[in-house]
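Observations on the three-dimensional arrangement
Chain by chain, the residues:
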Amino acid sequence: MIYNTLGKTNLKVSRLGFGTMRLPTKNNNADIDKAEASRMLEYGIENGINIIDTAYPYHAEGLEGSGESERFLGEFLSETSLRDEVILQTKSPSWAIEEESDFNRYLDEQLEKLKTDYIDIYLLHSLTVPDWNRVNDLNVLDFLDDCLSSGKVKHVGFSSHIEVDYLIEILDEYPKWEVVLTQMNYLDEYYQSGVMGLNYLKDINVGSMIMEPLRGGRLVQNIPSQINDLWNMAETKRTPVEWALQYLWNRDDVDCVLSGMTSFEQVKENIEIASRADEISQHDQELIREVARTYRTRLGNRCTRCGYCMPCPHGVDIINCLTEYNIAHMMDDPKASAMQYFTLIDEDSRAENCMGCKECIPFCTQMLNIPEELEKVHEYFGDEFDHF
């Protein structure tokens, strides 16, 4: 296993982290196959993975509520006496915080579920701009100060799906941030905070962690023949998983990549890839860019996210509605993109709230009939998330 220093935490972390959002299950998302998941974790730790990531809602029956991932991990680490052998990371459910006392209430519940008296890295989970504004007004930075001074938390940070200017704004408000978890893969260089966000994290020595390196598995499943033909032109032959992971590990601004592994075979494969140096040639780097360009030809519409259509007078988040629709078309996987659509876009801002006023149409640089496109988005994703 190869290890990196996680920014100014000075923690030595395996460059492959074990994400526990997609553990093997039996009857439903909340019914973790504990025997198989334990086997996977034991193998991972024995073979060099030293960081485990979880969160309050992971392996809940729906998108919200208390999940079973933390509880399972607490039992596993207690029974195997491996707690002090790993860096344990979990997240505060920022969207659920309604009053100041909620911060400590959730933290204490998570410590109990995890059967530990300290958390190595505690992140504010999936910050959106409205969530950040709300928790900031509720004195979240005082809460984080207290977490650090009490010893309940060793290092603090946040995960986010926001644009780079908002990322930088949040980072600049608190000098004690040490870790940030953002979405990144070779398709997402300019999606959300993207490469500019990673560059900024490196500049200020904040540890960078990556989520969705395989875009929920879509970069390695049901690959179009066009894409396979391109990969076959590579100087060094790699599997789709290798392309996705090595792309990230070849960057000098990525400290750790979290992979939500579902099977024992995935754990073995990912560890094997993470344990060897593999420098991607200039030819193959350009090939990755060509693969990304080819995927983008499969978009549902021509939206360029210029933002001239915003703000919508009726509150519709036009840009992100069209973006998630485009990504779903590009990857031919509406179910997977639905999670992003229903979790990252507020209910009042989704496509079905378009009133058809057409005030946005004259501002579209791509001359899209935006109300018609939003109707397509609504038809594509439906009214509610039913992934589980």
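Computed from a predicted model, the values in this text were never measured in an experiment. (Residues numbered from 1 in each chain as written. Predicted model: local features only at pLDDT ≥ 70, side-chain atom pairs only at ≥ 80, totals over all residues. Heavy atoms only, no water.)

Pairs can form between side chains of opposite charge whenever their charged atoms are close. Taken as a whole and assessed by the stated rule, the structure comprises 21 salt bridges. The shortest N-O distance in the salt bridge between Glu75 and Lys34 comes to 3.4 Å. One end of the pair, Glu75, is in helix H2 (residues 69-80); the other, Lys34, is in helix H1 (residues 34-46), with 41 residues separating them in the sequence. Overall, the relative accessible area of 25% leaves Glu75 in the partly exposed class. Exposure remark for Lys34: the relative accessible area of 45% places this residue in the partly exposed category. Residues Arg289 and Glu286 are paired through a salt bridge, measuring 3.1 Å at the closest nitrogen-oxygen approach. With Arg289 and Glu286 both in helix H11 (residues 282-296) and three residues apart, this pair spans about one turn of that helix. Sharing partners across several salt bridges, the network here consists of Glu286, Arg289, Glu290 and Arg293. (Salt bridge = Lys/Arg side-chain N within 4 Å of Asp/Glu carboxyl O. Helix = DSSP H or I, 4+ residues; strand = E, 2+ residues; numbered from the N terminus. Buried < 20%, exposed > 50% of the residue type's maximum accessible area, 1.4 Å probe, protein only.)

Summary: where empty space remains is shown by rolling a probe the size of a single water molecule over the atoms. Taken as a whole, the second largest pocket spans an internal volume of roughly 510 Å³. Lining the second largest pocket are 19 residues, and of these Val129, His161, Glu163, Asp317 and Asn320 sit closest to its centre. Sorting the residues of the lining of the second largest pocket by element identifies helix H4 (129-137), helix H6 (164-172), helix H12 (318-331) and helix H13 (334-344) as the ones contributing at least two each. A class-by-class count of the residues in the lining of the second largest pocket yields seven nonpolar, six polar and six charged. (1 Å grid on protein atoms, 1.4 Å probe; cavity = no way out; pocket = protein on both sides within 12 Å on 5 of 7 lines; lining within 4 Å. Points joined across faces, edges and corners; volume = space filled by probe spheres on them. Nonpolar A, V, L, I, M, F, W, Y, C, P; charged D, E, K, R; others polar.)

The interhelical angle for the contact between H13 and helix H14 (residues 370-381), taken along N-to-C directions, is 115 degrees, at an axis separation of 10 Å. Between H13 and H14, the crossing angle belongs to the class labelled roughly perpendicular. When you trace H13 past H14, the crossing you get is left-handed. Seen from H13, the contacting residues are Pro334, Ser337, Ala338, Tyr341 and Phe342; seen from H14, they are Val377, Tyr380 and Phe381. Residues of the contact of H13 with H14, tallied by class, amount to seven nonpolar, one polar and no charged. (Axes fitted to C-alpha atoms, helices over the stretch in contact; angles between N-to-C directions. Parallel < 35°, antiparallel > 145°, perpendicular 65-115°, else oblique. Left-handed = near helix turned anticlockwise from the far one by under 90°. Contact = heavy atoms within 4.5 Å.)

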